[in-house]
Structure formats: structure tokens, C-alpha cells
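Overview (structure and organization)
Residues per chain, in single letters:
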Amino acid sequence: MWFFTHVWIVPAMMALSFLLILFFGKKMPKKGAEIGIFFVALCLIYSLFTLGNWITWSHDSPTLAEGAPEAQQLAAEKGALANVPAECSKVAAHPVASVASEKAEGGSGGSDTSGGHGDEGATAANSTGTGTGEVASGAAATSGSAKAAEAGAEETLTRPVVRCATWIDSPEASITWGTQIDGLSIMMLLVVPLISLLVHIFSTDYVHGDRRYTHYFAFLSLFTASMLFFVLSQSTLQMIVGWELVGVCSFALIGHWWEEKPNSDAALKAFLTNRVGDMGLLIGMIILFFAAGNSFSIMDITILANEGGIRHTVLMAASICLIAAVMSKSGQFILHTWLPDAMAGPTPVSALIHAATMVVAGIFMVARLYPVFFHGLSISGSSINLLAVVGAVTALFGALLAFVQKDIKKVLAYSTVSQLGFMVTSLGVGAWTAAMFHLFTHAFFKACLFLGAGSLSHACHHSFNMVDDMGGLRKIMPKTFWTYLIATGALAGIFPLSGFWSKDEILAGTGSFPGSSHANGTYHLMLIMLLIAAFCTAAYMTRTIWYAFYGEYRGHGHPHESGPRITVPLIILATLGAIAGLANLPAQLSGWLDVPDSVQTRFEHLVEPVGLYFPQLTHAEFNPALAILSVAVGGAGIVLVYLYYWKGAFAGLHGLAGRNRTAAFFKNILVNKYYFDWLYTDVITGWVKGGLARGSNWVNKNVIDGVVNGVGRGAAAGGRWVYDNVDQTVVDGAVNGAGSVSSATGGGLRRITSGHIQQYAALFFAAAAVLAGMFVVLIG
Amino acid sequence: MKQFLNDWGLILVTFLPMVGVLAMLCVPRESEETHKLLAVITSLATAFVGILLMLNFNYDRAGILQFRVDHSWIDAINSRFIMGLDGLSLPLLALTLLIMPLVFIYSWNHIPEPGNVKAFFVLMLVLEMGMIGTFLAEDLILFFVFFEIVLLPMYFLIGVWGGPERKYASIKFFIYTLLGSALMLVAFVAVYFLVKNPVTGEAIQTFSIPELKAAGGEGITRAAQVVIFGGMFMGFGIKVPMFPFHTWLPDAHTQAPTQGSVILAAVLLKLGTYGFMRIAIPILPDGARQWAPVIGVLAVIGIIYGALCCLAQTDMKRLIAFSSVSHMGFTMLAISTLTTFGFNAAVFGMVAHGLITGMLFFIAGSMKDRYHTLEIKRLGGLLVSAPKLGWIFGLCTMASLGLPGLAGFWGEFPAILSAYAPAEGLNITLFRGLMIAAALGTVLAAGYLLWLYQRTAFGTPTEEFADDPHIHDVTTPEWISWTPLLVLIVLLGFVPAIIFNVTEPAVNIIAKTVGG
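Residues numbered from 1 in each chain as written. Chains lettered and ligands numbered in written order. Predicted model: local features only at pLDDT ≥ 70, side-chain atom pairs only at ≥ 80, totals over all residues. Heavy atoms only, no water.

Attention now moves to the overall build of chain A. The number of helices and strands found in chain A is 35 helices and 4 strands. By the burial criterion, 60% of the 780 residues in chain A qualify as buried. The contacts of chain A with a sequence gap of at least 6 include a subset with a gap of at least 24, amounting to 78%. By element, 66% of the accessible surface of chain A is carried by carbon and sulfur atoms, the whole surface being about 28100 Å². (Helix = DSSP H or I, 4+ residues; strand = E, 2+ residues; numbered from the N terminus. Buried < 20%, exposed > 50% of the residue type's maximum accessible area, 1.4 Å probe, protein only. Contact = heavy atoms within 4.5 Å. Areas by Shrake-Rupley, 256 points an atom, 1.4 Å probe, with all protein chains shown as cover.)

A few words on the pattern of salt bridges. All names here are of chain A. As enumerated under the stated definition, the model contains 17 salt bridges over all chains in all. In this structure, D265 and K261 form a salt bridge, with 3.2 Å as the shortest nitrogen-oxygen distance. Here D265 and its partner K261 are both found in helix α13 (residues 261-291), 4 residues apart, which amounts to about one turn of the helix. Assessed through its relative accessible area of 32%, D265 is described here as partly exposed. (Salt bridge = Lys/Arg side-chain N within 4 Å of Asp/Glu carboxyl O.)

Taking 1.5 Å as the rise per residue, helix α12 (residues 236-254) of chain A with 19 residues should run 27 Å; its terminal C-alpha atoms sit 26 Å apart, in good agreement. Counting buried residues along α12 of chain A, 19 of its 19 residues qualify, which places the element largely inside the surrounding structure. (Expected span 1.5 Å × (residues − 1).)

On to the confidence of the model for chain A. Residue and element names in this part refer to chain A. Looking at chain A as a whole, its pLDDT mean stands at 79, while 83% of the residues score no less than 70. Note on residues 737-743: pLDDT under 50 across the span, and 7 contacts to partners over four residues away in sequence or across chains. Under a pLDDT of 50 for its full length, residues 745-758 has, in the predicted model, 14 contacts with residues more than four places off or in other chains. (pLDDT = per-residue confidence, 0-100.)

A word on the interface of chain B and chain A. Every contact between the two is made by 67 residues of chain B and, on the other side, 59 residues of chain A. Between chain B and chain A the total buried area reaches about 5800 Å² when both faces are included, carbon and sulfur atoms providing 80% of it. In terms of surface lost to chain A, no three residues of chain B exceed Y168, F341 and F413 of chain B, which account for 10% of the buried area on that side. Summed over the shared surface of chain B and chain A, the result is 0 salt bridges. For the pair chain B and chain A, the number of links is 10 residue pairs in polar contact (both at pLDDT 80 or more). Of all the elements in the fold, those that place two or more residues in the side of chain B that touches chain A are α6 (166-194), α11 (285-312), α13 (340-371), α14 (382-385), α15 (387-400), α16 (407-420), α17 (428-456) and α19 (497-515) of chain B. By residue class, the composition of the side of chain B that touches chain A is 49 nonpolar, 13 polar and 5 charged. (Buried area = accessible area lost by both parts, 1.4 Å probe. Polar contact = N/O pair within 3.5 Å; in protein donor to acceptor, adjacent residues only side chain to side chain. Nonpolar A, V, L, I, M, F, W, Y, C, P; charged D, E, K, R; others polar.)

All names here are of chain A. Going through the model one piece at a time under the given rule, you end up with 88 aromatic pairs over all chains. With a centroid separation of 5.4 Å and 65° between ring planes, the pair formed by Y547 and Y645 is classed as edge-to-face. Placement of the pair is Y547 in helix α27 (residues 524-549) and Y645 in helix α30 (residues 624-645), with a sequence separation of 98 residues. Y547 gets classed as buried once you look at its relative accessible area, which sits at 15%. The lysine or arginine in question, K503, covers the ring of F422, its NZ or CZ lying 5.2 Å from the ring centre. (Phe/Tyr/Trp six-rings, centres within 6.5 Å; stacked < 30°, edge-to-face > 60°. Lys NZ or Arg CZ within 6 Å of the ring centre and 35° of its normal.)

Shown next, in the form of C-alpha cells:
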């Protein structure tokens, strides 16, 4: 429990590390790297303790017996939220009353439920229990009954631990920040410092002697702090803050070598593309804020969304806005274009930020606010929705782009895009655990691949061009080769490496394969697209192995194996990438393979929340036929590419694009990345920066200022006319005293003849005259 | 102590700068060091009184006027000398009291051409008095007098110490604002004659803001309120400045000396937004409700249009000036929602904009000193030539584009948030449309600011400035004057409650007046 309530220490330590490196890093013997490594290691140790506590904590959790009376169930579910203080979530403190009153107000929100309703507490739970049960939408009811059919019929409730502090205290809305500990945040709490630590160690060799070595480590620390701050979020506002802070770290690290323009261009592109998605994030969170009765608390939002306290249309609007944010942060079509360019940054950064952690922020956000999406998009019992489509399109079209890249990091970048698409699809089809599990395994093997690419480039004069500057490195760099090979196998989904298990769960989760059961919907299109994408994944990864490790060395100089600070992280990551699948062995495997009960679906039990704040999900059963099919598809991809490159098979295909116009056409589309870059950079940005901006400036200068200057000129002319006609003839002739005063001022006006002064002085004069006139009229 | 502050605190903090002026008038023009010292001491003394006020301020009752002084002043027109401090004026007073000493310290070795320290500093002290007085005045005529006092020193600062186009810019600034003031004064006088006591039904004939606020526009028909509000809108809207009355601003900013730009951006623009919240909205609630959609639309046009103009600028200072148009648009959008959220966001936005844009103008001024040009094309590689200056510039850029964790965010995001749920009676669809457009403005803001940063700070220095010895890093006076601003930008970013908790009670009252 202590570890759960004091977890704020973790991001705070990294923030401290950032400051220490910033101010004292240059004076340290290792230029600040040791500070970063020390603190990340501390964080990792803390995370491991937290995980250990979480495992025992889960053992003691109350169970929910199926078939028990609703009121009893609700009381148990409410009891599980005992560690959510009322100041962090007024809804969690009195869930039933809140939902009931929300419902009474037609879901318009804005009610203060902590007063009278609150004291009734348990009685309210009993009396309105049945009513609330009916509030849950039809979709949830369906999944509930499906759930009851599941064997065991008893599930352990999750007991999240929330702690918060007041950020802004106002009678209208108390805005808090803090930490929310449950399986999901603990999983991220483990992944982020682990990858970060390995990347730190890798970097001490990789960026050794860099012009901004200290600054680089400072930003790694700041990034780790922001990312941890984000994944531990207790309120959506805190999420926004973390979200943007990781974005700015990404900006700084992509542009690490900002002397060269392409790097700063890439950094700008990343930031601006993300800003476009952030519009969706801001608006989506604002919608949820008002829908949850002026609350940013994640617990409030998720419980209300889950229990029918927020109207369906509102949830849908919010989820569509938030999907825009996922598109930008997690590199989904059509806002994915920044991610491949982000490879301009140092390679360890690509591994940490642009593969393993930051880019999954969008996935994490969806997972954290899952009830919003689950009910808003009616994921259960459906066969298509926006989230699933975005994910599947990204998974497939991202994978296709990886085929035409020469730069090994770009291949991996598109691979990341594609794999993030897998996760998004998985969330879209209701396979929440599968998505998280894939996030978990992907972090290891993709980080391993990126660091492997870094190791290759380290040996090959900092080139990433695998087609022109690499080749034949298998013998020279055996450690890099073997780790890269294992990670590739994991990515391609080869049994029994980790990627096989997580990808298979996603495929099963679509619920489309014949004979599959207990999925939340039936997403046929998604299954087909993902299978094709899985085929492509295996194929393009085999292609990189051919170019990097086989054939003749095509680069300069004599490559050599990298040192231990590079290879040890690789070995650790490859090992994890190989065995991480054991974390979630399917339960249904036991009839087929001998798996002890204690290791079945551990990941699911520890990570997936059960309770009021999370939709009741069912879990697709392991399907041996599908598993074999997916391995076969991946295997086919490997074999075909093997035959093509190693054996020179399909001779007709070699250089096809040079001969066949149709092939050339398609290749051209791929090489130009579906022309998205052209559309965004040249058309849209060009138009805004060029035409629209210049047009506005022209309007400003000539129209608005033209009017202003025109008025000035007119007033000057008027003044002159008055002076000539009224003052000199009428006034001067009639009243001597007044005339002398007027001509004195008029004379002063006449004397100023240069530039704009004349007209403005005249306008001033006119304005002052008008002012005086008004005074006289009004006061008199 | 408390009693002394109650009686004299506000008068002291307002007129202390004039004591400094009197002292400086006795010192001959040649002893420049004495003048610098006197100005810094005066502004620090004023700030000290301000700190005493803030320490003795009752934050639990920030909604009501404290340290109130009320003396007879111009009996002929029933205008009284009323001053007070509440949660709405306190942050702005603090901002003014903070900025002025920093500007003086910065001026230590940055005296613009053609010199004359004495006149330069005297004018800035007069300016300080005018600004403080405007934020504290609780009588319309008194407010108007201070509001106008501000005009003159700024006119001279731009007209004498400005850039090559200074005459055009200064006269444009002066005439434009004066025009607005004239209409505003008419509106004040109309209010004086028309507002009736809600109980007795007689015209109350007062300029006292608290009394007028209590009357809540009683006795003025909705149509008349709309017209009178229009007069105030011109006065305050031009000062903000709101589209389409903003064109004086880029000229004034570009031509003004660094100190002038900083004060203009940090404090002067807020006189307009403050006027809306202190005077126009509570005194004429009906008029405010009618005008709110217009203000909202103009504010959002300002956000987008200002940002687009930024993208087209070739001069760094002019770009920052246009960014003010865009940023003040967020503040005005927040005000136009007439909600507590909106008003809170507006006050925070004012302070944040003051700190951040003030900082950006400081940086632009320092870069001008080093490069002798601010043409973006000729700049580049600031991070190479002057790394610390480059980093500070980067931080301010990020703050300006509304990065969470820095002050700018808390002016921008709550403003967008407030537009989702405007006050009752306002058109929700319209305001949600405005919200989306305003959110688009944040993308454009990131665009022009990062693009500016890329062209000036990233890359390598152009040949012209590659080995220029003039391009040195941050100097001591710069450090002294910038550090408080930078610290506050970060601090307010993480602890926004510092301001929100003070403003909340005060703006809540305004929102209740107008929301009913």
C-alpha cells in the first residue's frame, strides 16, 4: 500500500534528475549520464516493488459472484473503490447516487452529489440498485450475460488506489492531480523505466562525445519524468499536461542535432502534426469535463461513462475527438507522417520515445478512458467502428510502406506505425487486454530492433542506409545479429516468441475467425486486414535481415561488433522479447499443452481492471486453428522473401517497377508515402503559410490600415477645409478673440508638413475638438 | 500597520512613483547614474508597498474591495476619489509592480537612442503611476483620468526613443486610443445620467463603480445599454486591441524601444481587458449579454487572423506584436463567455501574456542590440552564438504557444474550455464553433512560434554574423531582470492556483451579476 500511495515519488525523482543534470551535469565526471542512470534505476526498483505489492494486493481483492443479487454486486463493486478518496472522485465515493442523479438530470451534469445523497451511502446502493442496473446500455447488458456464461462465474474485483492533491480549488470545479494505481498504470510503470534504463546505458556509448551529451541526458530524464507523470494520471487535465510535455521532449530530442535543417524540420513537423491532434484531445477532454459534472477526474469520467451517467451521443463525440489525438500521438493514419521523420533524432531516442513509450501514449489514453470509447463507439456486439477502422488501415498501409524504405530505421518506424495500428484495432474490437499485452511485448522487441539498428549504424559510419552501406554483418556482429533475429521473430509472430502470443490474442479478439468464442464483437474486415498486415510484417522484416546481415558488405571501412554497453541492453531486450509472451499464456491452452494454472493469463488478471470504472469485457478464447494460420501467414512472408533474396526466386519480379507501368505506378505511390507529405507540407502548410498568411497580411496593410489611414487623411482634409472656409472667413471675421486662438492652432497645424504627421495631427485636432464638443453638450 | 495601509496604502502605491519623479526633476540631466538609481529605488519602493498590501490582503474575502479609500474629489460632477483592491485587480497590480523594476534594471545598459536618461525614466515612472491608478480606481472619472495619463508617456516613449517610423506609429497609437477614450467617456457620462437606484427608482448620478455595479444597469433599457456598451467597447476594445481595431499595435510595438514594447505588452493591453471586466460588463449586464457573441466572434477572428499575419511577418518584433493580437483574442473569447471559468481564464491569460510576451520583447530587444537587425532572414543559429539566450528564447516560445507546465497554458486552455459552456442565454452552438476555431488557433500559434524559433535559433549563424564579437551571451542586468519572469512562467505553470484562487471570488461576483 505504501508503494501505491507514494508513487508520485517516481516522476518526482526523474524531474529532480532533470534539474540536477541541467544545473550540475557538465561538472560531473560522466557529464550527467550517471545522474540519469542512477535515478532511472531507482525508479525501476520502486516499480518492481510496486508490482510485487500489486500481486499480493490482488490476491486479497474481493470477488464478485455471478448470479448474486444486483444490490450485493454493487455494494461489492463500491467496496472495491474504497481506496479512491472522495476528494479525488466524488462519483467513486457515491457511485449509485451520482449515476442516479445524473440520470435524473438527463445526463446534463453539473450536479453536486456529495451532499445529501452521500450520507445514504449503502442504503442508496440497495434501494436504487436495480434502477442503475438498467441504466447500463444494451451493449453492456449483452456483454454481461455473455460474461455470466463464462466458466468460473466468479471474478476478482480490482481495487485501484488513487491519491490526489488539489491543483485549483474552485466552488465550480475542484481540479486535482495525483496518481491512479491499478494494473494498467503498474504495467506502464514497469515498462517505461525499464526501457529508459537500457536506453540510458546504451546511450553512454552510442552518443559518446556528442556535442550536447549532457543536454541529451537531461532531456531523457525530463522525458521519463513526463511519461511517468502521464501514465500515473489521476485527472484528464494531468493527462493533457503529461501528453504535451512528452511531446516537447520528443521535439527537443528529434531536433537534437538542430544545426542541420532536416533535423529541425522533422522536429517541427512532429510538434505541429501533434498539435493538430491535440485539438481533438483538448476538445474531447473538455466535452468529458462537462459531461462528468465539471470534473477532470478519470475515475469520475470512467464510472459515469460505464454506468450510463453520460449520454451516448456525448460519449461518441468525445471519443471521435480523442481518436484524432490518438492519430497524431500514436502515428495512426492520417496523422502518422511525422513518425518516420522523427527518426532524425538519435537512435536510442527512437527506441525509447518513438517506439516503446511515448507513441503508445495514445493507446494508453484510450485504454485508460476505455468506457468512453467502449460505449461511445458501441464496440460490443458490433462489426465496425472508427477506432477499429483507423487501426486496421494503419496496420496494413503502414506495413506496405515499410517495403520501399532503404533506411533501416524508416523500416522500423513504419513497422511501429503498423504495430500501433494493431493495438488500436485491438482496442477497437474490444480486445483490451490483447492491446495492452501487445503494447507490453512490442515495447521490448521493438526497442531491441531500434537499438540493434543503432548498433549497426555505430559500426557502419553512422549510416542507416541498409541497401547501400550495410550487408554481410552477420559474422562480424554476431551479438547484434542474434538479438536482431530474435526480435524480428517476435515481431513476425513466430511461435513461441512473445509477439506470437500477443498478436494471436488480437486476431482472436476480432471474433471473426470461425469457431472463435467470447469475443466482444465480430470484426471480419479487421481480421482480414490484420492477417495481410501480419504477412507483410514478416516479409519486410526478413528483407531488412537480408540487407543488413547477408550478402557482401557494401559500406566503407571495417565494421566491428559494438561494445558491451550496447550489446548488453540488446541481449536483455531480446530475452524479454522472447519470453514476455509467457506473461499471458491463454487458459484454454491447458487442454492442449500442459500449462499450470498459476501461469495462465497472469497479465490479464493483473492488468485488466474489473469493477465499476471499467466495462465488462469478455475474452476471446485461444483458437489453435487461428494460431496456426497466423504463424503460417507470417511463415509464408518469411519464406517468400527468403526465396526472393537468398535464392533469387521469382526472377520476373526483380526490377519489375522498371519495366511494368502498373508496378511502377504502385511503387511510386509507396515511395511517395501515399502523397500525404505532399498534401500536408506543400498543399496545406504551403497554402496557409503562403497564400492565406500573406493574404491576411495584405488585408491588414491595405484594407484595415487603409481605412485607418484614409480616415486620417479625410480628417486632415476636413480640418483644412474648416480652417480655410470657416475659421478664416466666418470665425475670424466675426469673433476676434476666438479667431486668434483658432488660427494659432490652425497655424500650428499648417507648419507641420512632412510625412504622415500632418494628417494625424489633424485627426488629433479633430478628435480633441469632438471630445470637447461632447463634453460641452453633455455636461451643459 | 494594517490601519495605515487601509488609509494610505493604495494612495501610496499609486503616487510613490511621482515622488521619484519629483526627486529626479531636482537632479541635473547629466548625472545619469543617479537617475538610474533613483528610478530603480522608486520602483522597488512602490513594489515594496505593493508587497505589504498583498501580505495584508484578506484572501478569504478577495471578492470585496479592500484598503478602500473614498474622498470627495470633484463635487461639481459628483465624482469621488475612490480606490480599492480586490481579487480582480490584485494580480494585475502585482504584474505592474513586478514589470516596472525589471524594466528599469534592464535599462541600466540598454538606453535607446537618443539617450536622455532623465526624461526617459521620468516618463516611465509617470506611466507606472497611470497604470497602477487605472487598476485601483473605483470611480469612472478617476479611472478615465488614469487611463488617459498612461497615453501620454507612452506616446513620447515611442515618438522620441522609437525606431525609424516612430512618428507615424506614435501618432497612430495616440489618436486611435484617444478616439476610443472619447467614446468611452461619452458612455461613462451616459451611465451617470441614466442609471437608477433599483429601490427608489431615482437616478443615482454617480461615477462610483461599486454603486453602479450594485445598480446593475437598472433604469437603462436594453437598447440603450447596447449603445452605451458600444461606447465602452470602443474604448476598451481598441486598447486590447480587438480585431479590427488592432492595427495601431504592430506599428507601435515594432517602433517602440524595448522598454516601451515590454510595458505595452505586459501591462498596457490589459487596461482594455480589465476595463471590460471591471466596468463594462458589471455595470451594463444587459448590454454585455447582447454584445457577448459579437465580442466572441471578433476575438476568434483576432486569434486566427493575428496568427495568420504572424506567419507572414519578416521582422521578429513585428511577429511577436501580431502574436499579441492572437493571444489577447483568447482572453477576449474567455471574457465573452460571461462565466466564472471564462473570467478566471481571462485574468490568468492577462498575467501569463504579460509575463511571456514581455519576456519575448525583452529577448527581441536584446537580440536587436546584438545583431542590429531583427529581420528573420538574416538571423539564425542563436543557440550557437549565444546558447543561454537561445534557451531562454526557446522556453518563452514554448510558454507562448501554450505548453502545459508553463504559464501560457492556463490562459489558453481554460479559455477554450469556457467557450464550451457559455453563460445561460448565449448561443451554445455559436460558442462551441468558436471553441473549435480557437483550438485551431493553438495549432497556428505553434506554427508561427516554432517557425520563428527554427529560423532564428536553430541552424548555424549566417555568414554576416558568424564571428561577430557583438553577439555575446546574456549579461548581468539581463539575468537580473529576466530571472523573476522566467521563474514565474514556470511556477505559475505548475501552481496556477496562485492566481486562480485570488481571482475566483472576485470574478464569481461579476459572473453572477451578468449570468442571471
